[in-house]
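Topology and contacts: notes
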Amino acid sequence: MPTDTRRTATALAALLLTILAVTPARAADGPGGIGGPGGISAPAGPAHPSSPAGPTHPSSDASPGQRIAHALRSSPVYVDEAYTDAVPPARQRQWADRIRRTGLPLKVVLTPLTKGDAFDGDSAVLAGTVRDRLPAQRELVLITTDGDFPDSLRGFEWPADKHQAREAVAATGFLDETRNAGLADLTAKAVDLVAEGRGEQRYAEATKNLRTSAPQAGKERSGGPDWWLLAAAPGALALTALVAHALLRSRRAAPAVPHLVFATARAADEAELRRRAEAEVLALGEAAHAADVTTTPGIQTALDAYAAAARALDEARGLPDLAGVLALAREGQDALDDTPGLPLCFFDPRHGRATLRTPWRRLGHRDRLDVAVCRTCADALRDRRAPEVLTDRDEDGRPVPYFEMPPERSVWAATGYGSLMPVSAGFSRHRTVSPTGEERQT
């Protein structure tokens with residue numbers, strides 16, 4: 001999408017929201033900032049093919065995440081072969097030299113993202129996978145392609161947003177100097193802004209016109225009528241009519257269709273997570289069987305975790321079980337790498353690896369738990385907001401936070417997906433009982 005068109009669309013969307021804001025409505029704040037949890041989308045220039053930056057490659061049967069991580073160990077820049085024309089090797093070397101001079105833990109990963117690929121077309125999954133494959137690097141800043149918008153970049157940073165990388169990368173798509181920039185120039189600018197360390201300020205300045213494009217109430221305007229206001233008015237009226245219609249319908253008996261919609265959405269989430277879990281188990285099995293037993297002290301732990309993950313995958317009956325597969329695979333990979341780190345996020349393992357531990361007390365309980373949480377959940381707790389939690393179903397079939405399940409019935413509640421005890425240890429000796437009363441070993 002051309003940058004001018006995107007900016008105009010963004011301004012119109014902001015105007016519609018401003019008009020609708022005068023009508024009282026209930027709203028819920030999401031857990032993430034601009035662009036969703038973990039990063040901010042930044043419009044970028046047209047994408048073209050390019051080439052890998054790393055001079056060496058792992059074995060041909062390595063997973064995409066392993067290949068990228070392998071290349072990043074020798075160069076801070078990885079560019080997929082599909083982008084050869086847009087980012088030639090000479091340009092990649094310039095980026096690498098620039099990044100090394102900054103002294104920052106910064107890496108660039110440019111690779112095509114498509115729904116159904118190894119990262120399911122999700123830049124957050126790509127970033128999380130790369131980070132997990134580089135366990136020795138405690139601090140990491142990533143600039144990646146964006147799976148939602150092919151002509152965009154996203155910024156990620158762990159363990160905290162110390163360098164304001166997310167905002168810096170997002171700002172590059174709104175600067176006049178990058179209006180018609182290609183992928184190479186846009187990425188180079190993103191590197192410069194991250195190195196500058198003023199991402200929040202840069203993003204605020206770059207998007208200032210978008211926030212102030214609507215005229216202020218009570219002030220006279222000179223000249224003819226604003227064309228964009230005339231164009232937006234029908235849309236605003238239509239949205240208002242839809243909101244009013246929805247409010248009227250909400251006072252009637254709830255139809256069955258929404259339940260079907262939510263059930264379909266949950267089934268889609270489950271299918272997507274199952275594909276991801278299968279890929280993680282396969283990658284762990286390949287890595288474990290390829291490891292040298294004489295130089296890998298954690299090989300037995302890794303093999304045990306692999307066996308448990310494979311079994312959990314076979315028996316998985318829903319999202320909580322599939323999330324457990326991810327936790328087991330993560331534990332096994334850590335054992336192989338001999339660099340124990342924090343487990344996946346306690347509140348929802350789908351958030352990725354935790355960045356810190358924090359004391360937390362469940363509602364209605366006196367005891368405090370020491371849980372490992374991701375950055376988004378940590379921010380929610382700090383701001384006294386409820387974090388986004390993975391749910392399970394109780395004996396009556398009602399959705400409840402998974403950790404509210406009786407520990408004797410749920411291995412995931414007992415282990416906290418690794419926060420309360422190692423997942424593989426809990427899995428090997430725990431028995432759970434399904435809501436139907438069927439007992440099974442997990």
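Now for a description of the structure that goes with this document. Since we're looking at a predicted model, the values are computed, not measured.

What to know about the overall build of the protein chain
Broken down by element type, the protein chain carries 15 helices and 11 strands. Expressed as a percentage of contacts within the protein chain between residues at least 6 apart in sequence, the contacts between residues at least 24 apart total 61%. As displayed, the protein chain has an accessible area near 22,900 Å², and 55% of this comes from carbon and sulfur atoms.

Regarding the pattern of salt bridges
Tallied over the entire structure, the rule returns 23 salt bridges. Among the salt bridges present, the one from D348 reaches R350, with a minimum N-O distance of 2.8 Å. Using a relative accessible area of 30% as the deciding quantity, one classes R350 as partly exposed. For the salt bridge of D379 with R375, the shortest nitrogen-to-oxygen distance reads 3.4 Å. Separated by four residues within a single helix, D379 and R375 lie in helix 13 (residues 375–382), roughly one turn from each other. Taking relative accessible area as the criterion, R375 reaches 32% and is therefore assigned partly exposed. Salt bridges linked by common partners bring R375, D379, R382, D383 and R385 together as one network.

Side note on the side chain of R353
Within the fold, R353 resides in the loop between helix 12 (319–337) and strand 6 (356–361). A residue is classified by how much of its surface remains accessible, and R353, at 10% relative accessible area, is buried. Side-chain polar atoms of R353 contact the side chain of D334, separated by 2.8 Å. Only 2.7 Å separates the side chain of R353 from the backbone oxygen of L342, close enough to count as a polar contact. If near-sequence neighbours (up to four positions away) are discounted, R353 is found in contact with R131, D132, R330, D334, G341, L342, P343, L344, C345 and C374.

Considering the pairing of strand 7 (residues 368–373)
In this sheet, strand 7 lies alongside strand 6 in antiparallel orientation, the contact comprising six bridges. Bridge assignment links W360 to a residue of strand 7, and that residue is L369. Counting the residues between successive antiparallel strands, the hairpin from strand 6 to strand 7 contains six residues, one of them, G364, with a positive phi of roughly 85°.

Here we look at helix 11 (residues 299–315)
Spanning 17 residues, helix 11 covers 24 Å between terminal C-alpha atoms, matching the ideal 24 Å at 1.5 Å per step. Along helix 11, the positions that sit buried rather than exposed are I299, A302, A305, A308, A309, A312 and L313.

Some thoughts on the environment of A335
Tracing the chain through its elements places A335 in helix 12. Here A335 falls in the buried class, since its relative accessible area comes to 14%. Contact partners of A335, with chain neighbours within four places excluded, come to G298, T301 and A302.

A word on the state of the cysteines
Tallied over the entire structure, the rule returns zero disulfides. Lacking any disulfide linkage, C345 is separated from the closest cysteine sulfur, that of C377, by 3.8 Å. Of all cysteine sulfurs in the structure, the one in C377 sits closest to C374, which takes part in no disulfide; the separation is 3.6 Å. Judged by relative accessible area, C374 falls into the buried class, the value being 6%.

Analysis parameters
Residues numbered from 1 in each chain as written. Predicted model: local features only at pLDDT ≥ 70, side-chain atom pairs only at ≥ 80, totals over all residues. Heavy atoms only, no water. Helix = DSSP H or I, 4+ residues; strand = E, 2+ residues; numbered from the N terminus. Contact = heavy atoms within 4.5 Å. Areas by Shrake-Rupley, 256 points an atom, 1.4 Å probe, with all protein chains shown as cover. Salt bridge = Lys/Arg side-chain N within 4 Å of Asp/Glu carboxyl O. Buried < 20%, exposed > 50% of the residue type's maximum accessible area, 1.4 Å probe, protein only. Polar contact = N/O pair within 3.5 Å; in protein donor to acceptor, adjacent residues only side chain to side chain. Pairing = 2+ DSSP bridges. Expected span 1.5 Å × (residues − 1). Disulfide = S-S within 2.5 Å.

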